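# Geometric and topological summary
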Amino acid sequence: MPHRLRKTRWMRGSRTHGYGAHDRHRGRGSRHYRRAGRHKHLWTYVVKYEPDYFGKHGFKPPRSKFLKVQAINVGQLEELVDKLEAEGKLEVREGLPYVDLAALGYDKLLGRGSISRPVLVRVKAFTELAEKKVSEAGGKIITD
């Protein structure tokens, strides 16, 4: 659009260019919201109404910092099966002793140690070595 046809040209001298009060077009700048001058002439406003306006106020740490993975080793798994069997709480599925590690509060099965009996294990996560040791003993791992 040519400059001579723009609204600005024929609004010269009108101050507000047809938008009424000066703060009705394109926002209000720093006025009315009491932002400018907080370290100068408006410091009393800050003291009275927003005492925490200046300074640092911390941060939210990442959630991963607080996540603790409850893990159990394959060697401990056999001890756990023996314990559940002695208490009479061991369930049998598909002809194998069934252990639900998620229900017992464990999130992951690790591969340290050894297992000599076949077990059917339900767990959220496991390592390759743990899977190998359980399958070599004749067992299976089930995940969700």
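Each remark here, short or long, concerns the structure printed above.
Overview of the structure.

### Let's talk about the packing of aromatic side chains
Using the criterion set out here, one finds two aromatic pairs in the structure. Ring geometry for tyrosine 45 versus tyrosine 49: centroids 5.0 Å apart, planes at 50°, classification tilted. A residue pair is termed a helical-turn pair when its members lie 3 or 4 positions apart in one helix, as tyrosine 45 and tyrosine 49 do in helix α2 (residues 43–49) at four residues. Plain terms: the ring middles of tyrosine 53 and phenylalanine 54 are 4.9 Å apart, the flat faces sit at 90° to each other, and that makes the pair edge-to-face. Taking the relative accessible area as the measure of exposure, phenylalanine 54 reaches 34% and is therefore partly exposed.

### Structural notes on the sheet that holds strand β6 (residues 125–126)
The strands making up a sheet associate through hydrogen bonds between their backbones, and the pairing can be parallel or antiparallel. A sheet is described by the order of its strands in space; here three strands give the open sequence β1-β4-β6, paired in parallel fashion. Each edge of the open sheet is held by one strand with a lone partner, namely β1 (71–73) and β6. The pairing of strand β4 (residues 108–110) with β6 spans two bridges and is parallel. Bridge assignment links lysine 108 to a residue of β6, and that residue is alanine 125.

About the thresholds
Residues numbered from 1 in each chain as written. Predicted model: local features only at pLDDT ≥ 70, side-chain atom pairs only at ≥ 80, totals over all residues. Heavy atoms only, no water. Phe/Tyr/Trp six-rings, centres within 6.5 Å; stacked < 30°, edge-to-face > 60°. Helix = DSSP H or I, 4+ residues; strand = E, 2+ residues; numbered from the N terminus. Buried < 20%, exposed > 50% of the residue type's maximum accessible area, 1.4 Å probe, protein only. Pairing = 2+ DSSP bridges.

These figures capture arrangement, not role.
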